[in-house]
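Listed below, chain by chain, are the residues.
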Amino acid sequence: MLTLAIESSCDETACAVIKDGREVLSNIISSQIDIHRKFGGVVPEIASRKHIEAINNIIQEALDEANCKFEDIDMIGVTQGPGLIGALLVGLSTAKALAYGLDIPLIGVNHIHGHICANFIEHRDLEPPFTCLVVSGGHTYLLNVRDYTDFELVGRTRDDAAGEAFDKVARSLGLPYPGGPHIDRLAKEGDKDSISFPRVYLEDDSYDFSFSGLKTAVLNYLNQEKQKGQEISIENVAASFQQAVLDILVDKSFKLANETGSKKIVLAGGVAANQGLREMMEERGTKEGIQIYYPSRILCTDNAAMIGSAAYYNYRKGLISGLSLNAEPNLGLN
Ligand code: KG4
Ligand code: ZN
């Protein structure tokens, strides 16, 4: 089965052709990051307009690179939500037109489901069930993935998403958007034990997360040091902040894996690109006999290949959308 998949939920216009849910024939991503950077974050109205300008060319490029024609495609997969409404509608309207014109099934995909499925592309032998940590710019979820389309949501952030915390702290350090990769790079040069930032674990039995207190602690630290006229080491701030985030992400993921007896922890979403997170997970995984999986960097951040994989598994489950499918900016995982 060949799926043509479209992703336009935020600031990447992406199209991919995927074979049987796991094999990437093409994966084209046109990023708008350079345009949004001067505003310090994504401007929704600009994002929608740029998607419209890019989408037809991106689709043609994806077909060309996969060496196929529209007639070869068996289904259209598209991100239905969560995301920016205007941005989502560009991908969704295009997908509907294609499905209608080609008379093939239209499959709506939850963006978070897509992030999880990036791992099925990367690791051809990976199968559910597993423990999954989804950490992106907009979401932080801890899940029991019971099957390809069946998830139990065990924990989520109560305020900022992990990636959002990275981006906000980076901004306060004067680093460009998106700040996650910059913090990751600077953290390698800093001392993670130099500044004591809080770790918020919430209630003993809770798998939820909270990062806004940590973000405020970093801001307070920066203000106090400036007032004292002290020179600030952004490497040390990056390393100490990152370690505070990672301690919580790693501890809660292993707690859940151990509680459910899972021997696999799967990372997904943009923050899964973080080198420190990958290393810390793998180190602890080796000690506790738990295998760690994560996608290559290009599949961690937003792309359409992951949407094509999720669409395929939805299709296998009979989860086919009609042409009345609408964009859902706040779409939940189940
Ligand atoms: O999954 P994604 O591309 O978009 C959403 O669905 O939100 O995630 C983007 C987020 C941004 O917050 C970005 O700063 C973060 O992922 N990110 C990272 C790294 N690479 C991307 N955070 C920490 N370390 C990284 N290496
Ligand atoms: Zn995403």
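Above this text is the structure in question.
Residues numbered from 1 in each chain as written. Chains lettered and ligands numbered in written order. Predicted model: local features only at pLDDT ≥ 70, side-chain atom pairs only at ≥ 80, totals over all residues. Heavy atoms only, no water.

## Side note on the site of ligand 1
The full set close to ligand 1 counts 19 residues, and His115, Gly137, Asp167, Asp184 and Asn274 are the nearest of them. Contacts to ligand 1 include Asn274, whose side-chain N or O atom sits 3.0 Å from a nitrogen atom. Burial of ligand 1 by the protein chains amounts to 89% of its free accessible area of 550 Å². At the level of secondary structure, the elements contributing two or more residues to the shell around ligand 1 comprise helix 4 (111-122), helix 5 (162-172) and helix 6 (180-187). (Near = heavy atom within 4 Å. Polar contact = N/O pair within 3.5 Å; in protein donor to acceptor, adjacent residues only side chain to side chain. Areas by Shrake-Rupley, 256 points an atom, 1.4 Å probe, with all protein chains shown as cover. Helix = DSSP H or I, 4+ residues; strand = E, 2+ residues; numbered from the N terminus.)

## A closer look at the packing of aromatic side chains
Overall, the coordinates contain eight aromatic pairs when judged by the stated rule. Consider the rings of Phe120 and Tyr148, whose centres lie 4.8 Å apart with planes at 55°: the pair is tilted. One end of the pair, Phe120, is in helix 4; the other, Tyr148, is in the loop between strand 7 (140-147) and strand 8 (150-156), and 28 residues separate them in sequence. As far as the burial class goes, Phe120 and Tyr148 line up, both buried. On the numbers, 5.2 Å between centres and 75° between planes, the contact of Tyr312 with Tyr313 is edge-to-face. Taken individually, Tyr312 and Tyr313 each receive the classification buried, so the pair is uniform in this respect. Aromatic rings pair up to connect Phe120, Phe130, Tyr148, Tyr312 and Tyr313 into one cluster. One cation-aromatic arrangement involves Lys255 over Tyr207; the distance from NZ or CZ to the ring centre is 4.7 Å. In this structure, Arg316 is placed above the aromatic ring of Tyr148, and the distance from its NZ or CZ to the ring centre is 5.6 Å. (Phe/Tyr/Trp six-rings, centres within 6.5 Å; stacked < 30°, edge-to-face > 60°. Buried < 20%, exposed > 50% of the residue type's maximum accessible area, 1.4 Å probe, protein only. Lys NZ or Arg CZ within 6 Å of the ring centre and 35° of its normal.)

By themselves, these are just geometric observations and shouldn't be taken as functional.
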